[in-house]
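Okay, here's what each chain looks like letter by letter:
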Amino acid sequence: SGTRPRTPRPPGPLALTAAVALALAACGGPEDAAGGTEPVVHDVPEIPVQVTAPPDWERGTRDGAFLLRAPSGTGSEDFRANVVVTGKQSAQTVDEAGAATAAAVGSIPGWVPDPDGQGPTTLAGLPAYRVAGTYGAAGTAVAQEIVAVRTGDGPDAWVVDLTASCAGGGAGGAGRAGAGR
């Protein structure tokens, strides 16, 4: 009777398996860009998450942050779809992280918020906060979606941002995952 105790999450990385597939779908690209091959799970260095991507996506870093990028020759010639993952151990709530992200992207010149809305959502079964919109970069319209997710409830929990970006400004933003500032 009443409330059930929370089942603790197992130790180890949080699998954010939908990140890249959802970014591709919202950007108007195929969810399985590699033609039926199995996706690859990437451990994100120094952040307790995993991100799944098509096997042909390139892994790298951008300004010290983990990066997955669509292969050359896909999408816009000026801008390749990508997902950037950043995070930190923090007591910050996802609502606080989302508000900070909304304030940060609001300072991007030409930022236009996504009309489908900003605010609370879920990712990998966890509470999350979505911020999405479009802006111009080097003459290319870029759709970007940032999703902040908290990896747990305890003092060792992380707030992780996933930023999905693509050229063209699809109707659903840049994806249902996103991070980074």
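The preceding data block contains the structure.
The sections below set out a description of the structure shown in this document. Keep in mind the model is a prediction, meaning the values are calculated, not measured.

1. Quick look at the overall build of the chain
Across its full length, the chain holds two helices and 11 strands. Secondary structure of the chain in N-to-C order comes out as β-α-β-β-β-β-β-α-β-β-β-β-β. Taking all 181 residues of the chain together, the buried fraction comes to 43%. Taking all contacts inside the chain whose residues are at least 6 apart in sequence as the whole, residues at least 24 apart take part in 51%. Put simply, the chain shows about 9,200 Å² of open surface, and 53% of that area lies on carbon and sulfur atoms.

2. Here's the deal with the pattern of salt bridges
Counted according to the given criterion, the structure contains four salt bridges. For Glu58, the salt bridge is made with Arg69, and the minimal N-O distance between the two is 3.5 Å. Of this pair, Glu58 sits in strand S4 (residues 58-62) while Arg69 sits in strand S5 (residues 65-69), and the two are 11 residues apart along the sequence. The exposure class assigned to Arg69 is partly exposed, which follows from its relative accessible area of 29%. Here Arg130 and Glu145 are joined by a salt bridge, their closest N and O atoms 2.5 Å apart. Of this pair, Arg130 sits in strand S9 (residues 126-137) while Glu145 is found in strand S10 (residues 140-150), placing the two residues 15 residues apart along the sequence. When sorted by exposure, Arg130 lands in the same class as Glu145, which is buried. Where salt bridges share partners, they join Glu58, Arg69 and Arg80 into one cluster.

3. Side note on the nonpolar core
Inside soluble globular proteins, nonpolar side chains tend to come together where they are buried. Ranked by internal contacts, the top residues of the largest apolar core, which has 23 residues, are Val44, Ile47, Trp57, Val85, Val149 and Val160. Elements that contribute at least two residues to this core include exactly strand S3 (49-53), S5, strand S6 (82-89), S9, S10 and strand S11 (158-167). Looking at which element gives the most residues to this core, the answer is S11, with five residues.

Reading guide: rules and limits
All chains use their own residue numbering, which begins from 1 and follows the written sequence. Reporting of local features is limited, given that this is a predicted model, to residues whose pLDDT is at least 70; pairs of side-chain atoms are given and counted only at 80 or more, and all residues count toward the totals for whole chains, interfaces and linings. Values shown for side chains rest on all heavy atoms present in the structure; no hydrogens or waters enter the calculation. Helix and strand definitions follow DSSP, with helices as H or I runs of at least four residues and strands as E runs of at least two, each counted in order from the N terminus. For every residue, the accessible area obtained with a 1.4 Å probe (protein chains only) is divided by the maximum for its type, and the residue is called buried under 20%, exposed over 50%, and partly exposed between those limits. Pairs of residues are marked as contacts when any of their non-hydrogen atoms sit within 4.5 Å. Per-residue accessibility takes into account occlusion by the displayed protein chains alone, with areas from the Shrake-Rupley method and a 1.4 Å probe. The rule for a salt bridge is simple: a side-chain nitrogen of Lys or Arg has to be within 4 Å of a carboxyl oxygen of Asp or Glu. Only buried residues count toward a nonpolar core. Its members are Ala, Val, Leu, Ile, Met, Phe, Trp, Tyr and Cys residues joined through side-chain atoms within 4.5 Å.

Everything listed here is a matter of coordinates, which is why it stays silent on function.
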